[in-house]
Amino acid sequence: MKRTPLIAGNWKMHLTEAQAVTLARKLLWGLTRLPAGGVEVLLCPPFTALSSLHKLLISDPIRLGGQNMHASTQGAFTGEISPLMLAEFCQYVILGHSERRALFQETDEDINLKARSAVQHGLVPILCVGETLAERQAGRAETIIYAQLMAGLQQVGIHRGSQLVIAYEPVWAIGTGQTATPEVVNQLIAATIRPALVRLFGEPVGQAIRVLYGGSVNAGNAVVFLSQPEIDGALVGGASLDSDAFLAIVSAAL
Ligand code: PGA
């Protein structure tokens, strides 16, 4: 099945609003020099930059996403952002990133509530799953990932593959410069992630959901990951803050 590649930049807690606009302008300029179409480009800046980037990109195909959200639409939740607020500016939202799981104690149940809410509000969740080094060494990577998918996606009411994206991000490969082997990632998606998606959503929808790889993707290694048949794109952290590197990763997907 043909799935349009998605290259997503997760800017994490980097860049002021002014710096974010500068980087987005460089990316816009660079993208106009690449062949149009064939790859979807997504930026996930800090919340404070969303409004400005939305204005900047209004007539451009670059998509915007949040890095997290609360499951409720509004309420007394100091410091949180609701799906309604994100939906003003964004098409996507990253959920269950390993930094949220490890540093902010998010559970599969929390992530599931968020995913259900995101879909209800027309946002496409990018659900992140992945094993720690200890889990991989214990031979439990597949079990952990399958369980994260089943728990995170229960009762998430999607009807089309375009309503959900999965990002497989081995925790030990994030921000470390170590990457998983492209063939191993390809195999893990084919043997574990795709069957879980088909089980949850049925054959046509499950086959159409894009599965990204994330973890130390850079300009040098992107092409080998993106040439794997089961890898439909990349969730890029560190390298997405460098316009040349990010543009090279986008080119690798073309
Ligand atoms: P990295 O981060 O590319 O810096 O490893 C990826 C991510 O956390 O999504």
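Look a little higher up for the structure.
Residues numbered from 1 in each chain as written. Predicted model: local features only at pLDDT ≥ 70, side-chain atom pairs only at ≥ 80, totals over all residues. Heavy atoms only, no water.

A. Examining the site of the ligand more closely. Every one of the 13 residues lining the ligand counts as a neighbour, but Lys-12, His-97, Glu-169, Gly-175 and Ser-216 are closest to it. Contact distances for the ligand include 2.7 Å between an oxygen atom and a side-chain N or O atom of Lys-12. Interatomic distance of 2.7 Å between a backbone N/O atom of Ser-216 and an oxygen atom of the ligand. Contact with the protein chains removes 95% of the 280 Å² of surface that the ligand exposes when unbound. Within the shell around the ligand, the residues separate by chemical class into four nonpolar, seven polar and two charged. (Near = heavy atom within 4 Å. Polar contact = N/O pair within 3.5 Å; in protein donor to acceptor, adjacent residues only side chain to side chain. Areas by Shrake-Rupley, 256 points an atom, 1.4 Å probe, with all protein chains shown as cover. Nonpolar A, V, L, I, M, F, W, Y, C, P; charged D, E, K, R; others polar.)

B. View of the pattern of salt bridges. Across all of its chains, the model carries ten salt bridges by this definition. Taking the shortest distance from any N to any O, the salt bridge between Glu-106 and Arg-100 comes out at 2.9 Å. A residue is classified by how much of its surface remains accessible, and Glu-106, at 8% relative accessible area, is buried. For Asp-232, the salt bridge goes to Arg-194, with nearest N and O atoms at 3.5 Å. Taken as a pair, Asp-232 in the loop between helix H10 (222–226) and strand E8 (233–236) and Arg-194 in helix H8 (residues 182–201) lie far apart in primary sequence, 38 residues in all. This pair shows no difference in class: Asp-232 is buried, exactly as Arg-194 is. (Salt bridge = Lys/Arg side-chain N within 4 Å of Asp/Glu carboxyl O. Buried < 20%, exposed > 50% of the residue type's maximum accessible area, 1.4 Å probe, protein only. Helix = DSSP H or I, 4+ residues; strand = E, 2+ residues; numbered from the N terminus.)

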